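Tertiary structure, described
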Amino acid sequence: MTSPEGNTKVLEKRTQKKDGLLAGKRGIVFGVANDHSLAWHCAKMLYDEGAELAFTYQGENLERRIKPLAESVNSPFVDMCDLGNDEQIDKSFSKLAEKWETIDFVVHAVAFANREDLEGRFVDTSRDGFKLALDVSAYTLTAVTRRALPLMKNGGSIVTLTYYGAEKVVPNYNVMGVAKAALEASVQYLAADLGQDKVRVNAVSAGPVKTLAAKGISGFGEMLKLVEAKAPLRRNVQQDEVAKSVLYLLSDLASGVTGEVIHVDCGYSILGM
Ligand code: NAP
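Residues numbered from 1 in each chain as written. Predicted model: local features only at pLDDT ≥ 70, side-chain atom pairs only at ≥ 80, totals over all residues. Heavy atoms only, no water.

Secondary structure summary: the protein contains eight helices and seven strands in total. Relative to its length of 273 residues, the protein is compact, with a C-alpha radius of gyration of 18 Å against a globular reference of 19 Å. In terms of principal-axis extent, the alpha carbons of the protein reach across some 50 × 45 × 40 Å. The burial tally for the protein puts 53% of its 273 residues in the buried class. Sequence separation of at least 24 residues holds for 75% of the intrachain contacts in the protein that already meet a minimum separation of 6. Split by element, the accessible area of the protein, about 13,600 Å² in all, is 50% carbon and sulfur. (Helix = DSSP H or I, 4+ residues; strand = E, 2+ residues; numbered from the N terminus. Rg over C-alpha atoms; globule rule 2.2 N^0.38 Å. Buried < 20%, exposed > 50% of the residue type's maximum accessible area, 1.4 Å probe, protein only. Contact = heavy atoms within 4.5 Å. Areas by Shrake-Rupley, 256 points an atom, 1.4 Å probe, with all protein chains shown as cover.)

See below:
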């Protein structure tokens, strides 16, 4: 179905379980660009399991795409926020604090690098390209965690999304691999800092999935074919499988898990050759 203003999909309202794993919990989701985004697949599942959700989007031109998605999960809070800008993050969190006294979780599904830094040789990465990728894809986890902490009065859970290119060299992933390595190290340092506040911090390392961000990586189609041929499960991961692990980490089922990176990649990362 399309809306009168253009090609934005009008979505059916979803139904929510009363006794779901996240019943009574509230959280904010960063990184929904469209209905293919991993963050959106997570959001739908979290909502179905009882959560109340807040969203942010990066630029004004995205508002038209995000609002109907947010409405379909009855979200009371949608705000514009460039995570590369501390003032905008502060503003979004103070608006959120006016709406909700407490939150229980954060989903961080945000990454960016210049297209020219996602092809060719890593050695050619410019200083500015390096700074941008590391800032948006790694530092933003710390930036949002610091602002979320005062709202996590009853403890909480924070999950970010990462990729195997943090651990091993993946052709063309280049500076994003270095950014994801910084992100995964940040998960451990944040988990160590915030454990005493009963806040857990974890990452899900997803196998390749076709999204807007993935389109920016040169040779992405080859990556999908390789995983299908080689992964122990002989297929690529589904978005919902990533979302299920995010749900697990945000729920009480993972109450003893922090500082962890869980691979949801059909087993690809266990292979030596
Ligand atoms: P996506 O739909 O393009 O999501 C990436 C999100 O990051 C977009 O919403 C994008 O917003 C946002 N973003 C970029 N710069 C931002 C900024 N300065 N401030 C706020 N938001 C910003 O792609 P995705 O694949 O679902 O990516 C989500 C996460 O999963 C990323 O961390 C990615 O690295 C990770 N991941 C993806 C895969 C995969 O194969 N797809 C595998 C493993 C991990 P704009 O569109 O407005 O820029």
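For the rest of this paragraph, the subject is the sheet that holds strand S4 (residues 105-108). As a general point, the strands of a sheet are linked pairwise by backbone hydrogen bonds and lie either parallel or antiparallel. Within the open sheet, the seven strands sit side by side as S3-S2-S1-S4-S5-S6-S7. Their pairing is parallel. Every other strand in the sheet has two partners, leaving strand S3 (77-80) and strand S7 (261-264) as the edge strands with one partner each. This sheet shows a mean twist of 20 degrees between the axes of neighbouring strands, independent of strand direction. Across four bridges, strand S1 (residues 26-30) lies against S4 in parallel orientation. Looking at the pairing, valine 29 lines up with valine 107 of S4. The strands touched by helix H3 (residues 86-99) within the sheet are S1, strand S2 (52-57) and S3, with S3 carrying the most contacts at an inclination of about 165 degrees. Of the strands in this sheet, S1, S4 and strand S5 (156-162) are in contact with helix H4 (residues 127-148), which crosses S4 at around 165 degrees. (Pairing = 2+ DSSP bridges. Axes fitted to C-alpha atoms, helices over the stretch in contact; angles between N-to-C directions.)

This paragraph deals with the pairing of S5. Burial of S5 is extensive: seven of the seven residues sit out of reach of the surface. Because side chains alternate across S5, one face comprises the buried residues Gly156, Ile158, Thr160 and Thr162, and the other comprises Ser157, Val159 and Leu161, equally buried. Bridging between S4 and S5 involves four bridges; their strand directions are parallel. Residue valine 106 lies in a different strand from S5, and its bridge partner there is isoleucine 158. Alignment of S5 against strand S6 (residues 199-206), held across seven bridges, turns out to be parallel. Bridge pairing links threonine 162 to serine 205 in S6. The β-α-β motif built from S5, the intervening helix H5 (residues 174-194) and the parallel element S6 has right-handed crossover chirality. (Right-handed = clockwise from strand over helix to strand, strands pointing away.)

Among the 29 residues in the neighbourhood of the ligand, the closest are listed as Ser37, Asp82, Lys180, Val209 and Thr211. At a separation of 3.4 Å, an oxygen atom of the ligand approaches a polar backbone atom of valine 110. For the ligand, whose unbound accessible area comes to 880 Å², protein coverage reaches 90%. Among the secondary structure elements, those contributing two or more residues to the shell around the ligand are S5 and helix H6 (212-215). The element that contributes the greatest number of residues to the shell around the ligand is H6, accounting for three residues. Split into classes, the residues belonging to the shell around the ligand amount to 20 nonpolar, seven polar and two charged. (Near = heavy atom within 4 Å. Polar contact = N/O pair within 3.5 Å; in protein donor to acceptor, adjacent residues only side chain to side chain. Nonpolar A, V, L, I, M, F, W, Y, C, P; charged D, E, K, R; others polar.)

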